[in-house]
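Understanding the architecture of this molecule
One-letter residues, chain by chain:
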Amino acid sequence: MRIERVELRRISLPLVSPFRTSLGIEYERTALVVRVTTPDGEGWGECVAGADASYSSEYVEGAEDVLLRHLVPPLLSAESVTAAAVAPLLAGVKGHRMAKAALEMAVLDAELRSYGMSFAAGLGAVADRVPSGVSVGIMDSVPEVVDAVAGYLAQGYRRIKLKIEPGWDLAPVRAVRERFGDDILLQVDANAAYTRADARHLAQLDAFDLLLIEQPLDEEDLLGHAALARSLRTPICLDESVVSARSAADAIALGACHIVNVKPGRVGGYLEARRIHDVCAASGIPVWCGGMLETGLGRAGNAALAALPNFTLPGDISASDRYYATDITEPFVLRDGHLDVPSGPGLGVAPLPAVLAEVTTAVSELRRDRP
Ligand code: SMG
Ligand code: MG
């Protein structure tokens, strides 16, 4: 496939309600939409880098900059490109996994569309719908979070994840368990807000029969996670720490996690995400698909990924209306607590031109020099 043109659109989408984590509070989602054009068609990608560098070192303007200067030009100079060739072609650029993932996603979409094959079929999916979990932000009071959880359960969400931080952990978890009982699937995510010194405090979460605790410690503290895994009954899940199949294998070998959250953006793309799925499957480690408040584009790719066989826990793959009054694609809706995995060619969805135009705040493009 020859890439003729790459367009980057910065978009800003208002959230239906503010989303607070231990990292900060978000009122809108800023993202980068990538469109690649080939002689036969086009493909779409979404960069999950946030407005600031709080979740990882990447942020949206940084991703845009590295794409324009260092990642897109080699693709435009290559005679022919496949999705599998993108990562090797860009290996000379260190890091910037979210930026690379967005570009690879757009190339993969274009490639699969050209074969008439869906993301799900291309990645090896074994299900046509996936159970939907929801991530519930930190709130001002415990009754407020209990009400929010009641609303999501009433909609049919299959699993609840509570964001936690020091000072907002035992009380909301206890209240949710007391109100909704032991049968709901419940887990927590700290986004690295604790230290090794908090082990005894975190052990008090063991009383609540949680599915897992996600990323309690700093992303670089694998040994700390391994020590914590030995002292808690609650399974440890890693998010930020796992940036590649190799780091997943290392974390597993060190005993630093029992479960892995797979996010294609964090690990450099859907193809590396699938390798993580495979590494974990070979080690008997279950995985689930994380979320980065994706638009319908990323949500479509994530639903396909989550339909692979070792995605045995519900993912952070909510309906579009969990975050957005208007999505940039046809919205994903909850049906019986599940999302349908798109079956059309490529992602199976594309941006609605009028909505995309409305939410775009900046556009840049690079073209191939010679035809
Ligand atoms: O897409 O539903 C979603 C977001 C799920 O909680 C979520 N994501 O650490 O797992 C995580 C967070 C990262 C995004 S907030 C910076
Ligand atoms: Mg997380």
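So, here is what we can say about the structure in this document. (Residues numbered from 1 in each chain as written. Chains lettered and ligands numbered in written order. Predicted model: local features only at pLDDT ≥ 70, side-chain atom pairs only at ≥ 80, totals over all residues. Heavy atoms only, no water.)

**Digging into the overall build of the protein**
Secondary structure assignment for the protein yields 13 helices and 13 strands. Its C-alpha atoms give the protein a radius of gyration of 20 Å, within 12% of the compact-globule value 21 Å for 371 residues. The principal-axis extent of the C-alpha atoms belonging to the protein is close to 65 × 40 × 35 Å. Residues classed as buried in the protein amount to 58% of the 371 residues present. Across the protein, the fraction of contacts at a sequence separation of at least 24, relative to all contacts at a separation of at least 6, is 73%. Each charge class in the protein can be summarised by its mean position, and for the 35 positive and 49 negative side chains these summaries are 3 Å apart. (Helix = DSSP H or I, 4+ residues; strand = E, 2+ residues; numbered from the N terminus. Rg over C-alpha atoms; globule rule 2.2 N^0.38 Å. Buried < 20%, exposed > 50% of the residue type's maximum accessible area, 1.4 Å probe, protein only. Contact = heavy atoms within 4.5 Å. Lys, Arg positive; Asp, Glu negative; His and termini not counted. Charge placed at Lys NZ, Arg CZ, Asp CG, Glu CD.)

**Things to note about the nonpolar core**
Among the nonpolar cores identified, the biggest contains 125 residues, and Leu103, Val136, Leu162 and Leu205 are the most heavily contacted of them. Mapped onto the domain boundaries, this core takes at least three residues apiece from domain 1 (5-115 + 351-367) and domain 2 (121-340). Once residues lying within four places of it in the same chain are set aside, the contact partners of Val136 are Phe19, Val145, Ala148, Val149, Tyr152, Ile160, Lys161, Leu162, Lys163 and Arg322. Among the nonpolar cores identified, the runner-up in size contains five residues, and Cys237, Ile259, Trp288 and Leu313 belong to it. (Core = buried A, V, L, I, M, F, W, Y, C linked by side-chain atoms within 4.5 Å. Domains from an automatic or database assignment.)

**Description of the site of ligand 1**
Close contacts around ligand 1 come from 18 residues, with Ser135, Asn191, Lys263, Leu293 and Tyr323 the closest. Side-chain polar atom of Asn191 to an oxygen atom of ligand 1: 2.7 Å apart, as the coordinates give it. Note that an oxygen atom of ligand 1 is positioned 3.0 Å from one of the side-chain N or O atoms of Lys263. For ligand 1, whose unbound accessible area comes to 430 Å², protein coverage reaches 97%. Taken together, the residues of the shell around ligand 1 sort by class into six nonpolar, three polar and nine charged. When residues are assigned to domains, the shell around ligand 1 turns out to be shared by domain 1 (5-115 + 351-367) and domain 2 (121-340), each giving three or more. (Near = heavy atom within 4 Å. Polar contact = N/O pair within 3.5 Å; in protein donor to acceptor, adjacent residues only side chain to side chain. Areas by Shrake-Rupley, 256 points an atom, 1.4 Å probe, with all protein chains shown as cover. Nonpolar A, V, L, I, M, F, W, Y, C, P; charged D, E, K, R; others polar.)

**Quick word on the coordination of the magnesium ion (ligand 2)**
Protein coordination at the magnesium ion (ligand 2) comes from Asp189 (OD), Glu214 (OE) and Asp239 (OD), with a distance range of 2.1 to 2.3 Å. Taking the relative accessible area as the measure of exposure, Glu214 reaches 0% and is therefore buried. (Donors = N, O, S within 2.8 Å, 3.2 Å for Na, K, Ca; no water.)

**Some thoughts on the packing of helix H9 (residues 245-254) against helix H11 (residues 270-282)**
Contact geometry of H9 with H11 gives a least axis separation of 8 Å together with a crossing angle of 25 degrees. When the axes of H9 and H11 are compared, the pair comes out roughly parallel. Like other packed secondary-structure pairs, H9 and H11 cross with a definite hand, here right-handed. Residues Ala245, Arg246, Ala248, Ala249 and Ile252 of H9 form the contact with H11, whose participating residues are Glu272, Arg275, Ile276, Val279 and Cys280. (Axes fitted to C-alpha atoms, helices over the stretch in contact; angles between N-to-C directions. Parallel < 35°, antiparallel > 145°, perpendicular 65-115°, else oblique. Left-handed = near helix turned anticlockwise from the far one by under 90°.)

**Things to note about unusual backbone geometry**
Unlike most non-glycine residues, Ala192 shows phi in positive territory, near 65 degrees. By the element assignment, Ala192 lies in the loop between strand E7 (185-189) and helix H7 (199-203).

**Digging into the environment of Ser135**
As for its placement among the helices and strands, Ser135 is situated in strand E5 (residues 133-136). Residue class for Ser135 comes out buried when judged on its relative accessible area of 5%. With sequence-adjacent residues up to four places away left out, Ser135 is seen in contact with Phe19, Lys161, Lys163, Asp316, Arg322 and Tyr323.

**Let's talk about the pattern of salt bridges**
The tally for this structure, following the rule as stated, stands at 27 salt bridges. A salt bridge links Glu79 to Arg368, with the nearest nitrogen and oxygen atoms 4.0 Å apart. One end of the pair, Glu79, is in the loop between helix H1 (60-77) and helix H2 (83-89); the other, Arg368, is in the segment after strand E13 (360-367), and 289 residues separate them in sequence. Glu79 sits in the exposed class, given a relative accessible area of 52%. The class for Arg368 is buried, based on a relative accessible area of 10%. Residue Asp221 is joined to Arg196 by a salt bridge in which the shortest nitrogen-to-oxygen separation is 2.6 Å. Remark: Arg196 occurs in the loop between E7 and H7 and Asp221 occurs in the loop between strand E8 (213-214) and helix H8 (222-231); sequence separation between them is 25 residues. A relative accessible area of 15% places Asp221 in the buried class. Its relative accessible area of 52% is what places Arg196 among the exposed residues. Linked through salt bridges whose partners overlap, the residues forming this network are Arg5, Glu7, Arg9, Arg35, Glu42, Glu365 and Arg367. (Salt bridge = Lys/Arg side-chain N within 4 Å of Asp/Glu carboxyl O.)

**Examining the sheet that holds E5**
On the basis of which strands lie adjacent, the open sheet formed by seven strands has the order E5-E6-E7-E8-E9-E10-E11 and parallel pairing. Single-partner strands in this sheet number two, and they are E5 and strand E11 (287-289). Where strand E9 (residues 236-238) meets strand E10 (residues 259-262), two bridges bridge the pair, whose relative direction is parallel. Residue Cys237 lies in a different strand from E10, and its bridge partner there is Ile259. (Pairing = 2+ DSSP bridges.)

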